[in-house]
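# Descriptive analysis of the structure
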Amino acid sequence: MAYNSKDAYPRPDFVHGNHRWTPLNDGWSILFDDEDVGLKEAWQINGVPDKVSVTSATDTSSTEALAQKLAAFPELKEKGFQAPKSQSRENVKKPINVPFVFQTPASGVFDKDAHEVLWYERKVVDPRQKAEIEAGDRVLARFGAVDYDVTIWASGYPVGQHRGGHVPFDIDITDALSKAWHTTGKRELNLVLRIRDSPHDLSQPRGKQYWAPQPESIFYTPSSGIWQPVWLEVVPSARIGDSSAGTVLRSNKISEGLLEARVAVLGRRAGHGYSVEIEGSLHGLSVASKKENLPGDKDYVSINLGLSLSDEQKSKAPQSLTEVAPLDNAECWRGNVALWSPDHPTLYDLAIRLYDSDGNLVDEVKTYTGSRHLDWNRGDRTFRLNGKPLFQALTLDQGYWPETGLTPPTPESLKLDIELTKKMGFNGCRKHQKIEDPLFLYWADKLGFLVWGEMANAYEFNEDYAERFSQEWLEAVKRDINHPSIVTWTPVNVCCDILHSETYTYFLTSESWAYPNLKDNVDQRNHIRSLYYITKTLDPTRPINDNCGWEHVITDLSTFHDYSDAPDLSKTCATLEGILGKKLGGRDFFVGPVSLDDGRRDEGTKHREGAPVICSEMGGVNIAPAKDSEKGERDWGYTTASDPKDLLKRFEALLRAVVEGGHICGFVYTQLSDIEQEVNGLYSFDRREKIPATEVRKIVEAAKKVYYDSLPKEA
């Protein structure tokens, strides 16, 4: 299966007009290094061999000991990976379809065994033309995401490394190409990647990737290696950096119509002057431009650009703009500023240009911004967008597909998931335990779709975890900070034990993922606090949902999970006291005070009066199969409907249970689609409707109406 991306630049949200790019998704091979001999045998220098012998005996006791570490899931303790029992075997180098991981059918490998060390290899030809070489242009190998820890060589020349399985990175291979030219007379090299992705290291962020060979309950097939697009890009030595490099485009001051831009410049030469210009336009109508010199002591420049149209400009608004944002619609405009919202996702186009001291254009980027303002601090339990109350009707979207795992089958699949969600009346999603391909956020911006950004958590708290998680979370926030569609940051999620009864499958709280002792462990609390404050420092414009579900440490939103059936959920949501009471397993909604042996005291936290309250997980209803033979032995949901009609009835009752109490301003329904054995989606795993989308939409719209009708008129 080929990932069709040859004509579609992987980052359409930030396009360099003068950069040339070449996809690198084909031509790769992979070899499993189960005894980790590759470095010792210098594969990075000599090339990856065609095969490698594995001769060590299986250490069954060690494997079982690793499984025992899964204390958060008692039922699953004995289900760790088992290595093959044979005393010797051969691993053979095979072609692999990137960006699909070896565990998926689409990769062409489809190996479900555990392999901790992987070697990827591919030939790379210098894509530069003669003039680009003479100009000193650089060649970057750009990786969307590689899980988890990767080191890269180019014809034996070390060119870089990266840790973190869900965020992008670039490797400059220019010098390696030059070395190849001087030593071989050819502008090509052998690109070699050594990737380590431990199946058993529970302090490694992994999200829903399971550690055992057979996925079950809420955990799915693991994902090791390259799982997002790879490409080469020819760039000028001095260039405009993207958000990961520090460019921030903030348009939340809608009354002023002000874009506050911080534009990062990479590769500037000491002693050379540069200037940066930003031009804003709206549907082809030029609005404003401004140019500033790059300070001599900084690698970025701050530019404030007014995006409010003049009356004359507004009177000349093109038809393409007035059709999507009627000039007399207050939902679309704040004065002469066009607003972004789910119903009217108007975006300003931005051109960012870098000039040298002679005024020559060095680099140009085409991107965009959405003018929108979030407010959650008025003390009336209301979440506002552009000054108006916003009810968030979201789905839990975990981003898995049948043949391709975490990677979408095609780039268009990400757009389709948004369209399917909106078709059912939802206005957004909580991206759960996954940092999604940025192309998803591009389409969320374009189509008007709210997104909660969330990190893939680990399971064990220690110093390694704290360092790894903090690093990757910051990289994720920086990557996505400029997307108007993102309205909440969620760094951490709670975790649960499984309890089966004759009627239902419940999840009982055992701990928050990687934070098993928030009740009395100040170190774990402090790490969550550090995530909150560093996120708030980077981005004060969005609320932070610190530990989604319960045991909040410091949070802007009071969120909770409740998978009860409608009668119990209705009882809970009838009063604020019921909502803020004990959660499953006796866990507290907020961590309380605790005294330490050394005399220190942590005061904990409590619900901030008037903070928005959101049921951030609910539902999870599957449908009982018509025949026993149709049911997989591992299929399950939180509760079970007898047939599609019963599912629709339960869905309606659940939504009414949440909104009719009048205390909640949003919900997250579990979930958009079935995933492997977790068959509680509104769509099947291959995105077919399980219940009519038109009927679901009516129910969702009715729930929104209940909320909006309950608001005081002055809201």
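Quick summary incoming for the structure in this document.

About the criteria used
Residues numbered from 1 in each chain as written. Predicted model: local features only at pLDDT ≥ 70, side-chain atom pairs only at ≥ 80, totals over all residues. Heavy atoms only, no water. Helix = DSSP H or I, 4+ residues; strand = E, 2+ residues; numbered from the N terminus. Expected span 1.5 Å × (residues − 1). Buried < 20%, exposed > 50% of the residue type's maximum accessible area, 1.4 Å probe, protein only. Polar contact = N/O pair within 3.5 Å; in protein donor to acceptor, adjacent residues only side chain to side chain. Contact = heavy atoms within 4.5 Å. Salt bridge = Lys/Arg side-chain N within 4 Å of Asp/Glu carboxyl O. Pairing = 2+ DSSP bridges. Axes fitted to C-alpha atoms, helices over the stretch in contact; angles between N-to-C directions.

## With respect to helix 9 (residues 463–480)
The α-helix winds at 3.6 residues per turn, so residues separated by three or four positions along the chain end up facing the same way. End to end, helix 9 covers 26 Å across 18 residues, agreeing with the expected 26 Å (1.5 Å per residue, within 8%). Taken as a whole, helix 9 has its buried residues at Tyr465, Ala466, Arg468, Phe469, Glu472, Trp473, Ala476, Val477, Arg479 and Asp480. N-capping of helix 9 is provided by Asn462, with a side-chain oxygen placed 3.1 Å from the backbone N of Asp464.

## Considerations on the environment of Tyr683
In this fold, Tyr683 is placed in the loop between strand 42 (666–670) and helix 14 (693–710). As for Tyr683 and Leu672, which are separated by eleven residues in sequence, their C-alpha atoms are 6.2 Å apart. In this structure, Tyr683 is in contact with Leu420, Lys423, Met424, Leu672, Ser673, Asp674, Arg688, Glu689, Lys690 and Ala693, ignoring residues within four places of it in sequence. A polar contact of 2.8 Å, which involves the side chain of Tyr683, links it to the backbone oxygen of Leu420.

## A look at the pattern of salt bridges
Scanning all chains against the criterion turns up 51 salt bridges. For Lys434, the salt bridge identified is with Glu436, shortest N-O distance 2.9 Å. The pair Lys434 / Glu436 is uniform in exposure class, with both members buried. The closest approach of N and O atoms between Lys536 and Asp556, which form a salt bridge, is 2.7 Å. Highlighted residues: Lys536 in helix 10 (residues 522–538) and Asp556 in the loop between strand 35 (547–548) and strand 36 (558–561), separated in sequence by 20 residues. One salt-bridge network, in which partners are shared between bridges, spans Glu277, Glu279, Arg353, Glu364 and Lys366.

## Brief notes about the sheet that holds strand 29 (residues 392–397)
Strand order in the open sheet formed by seven strands is 32-31-30-29-42-39-36, and the pairing between neighbours is parallel. Each edge of the open sheet is held by one strand with a lone partner, namely strand 32 (486–490) and strand 36. Ignoring which end each strand starts from, the neighbouring axes of this sheet average 20° apart. Bridging between strand 39 (residues 613–619) and strand 42 involves three bridges; their strand directions are parallel. Bridge assignment links Met618 to a residue of strand 42, and that residue is Tyr669.

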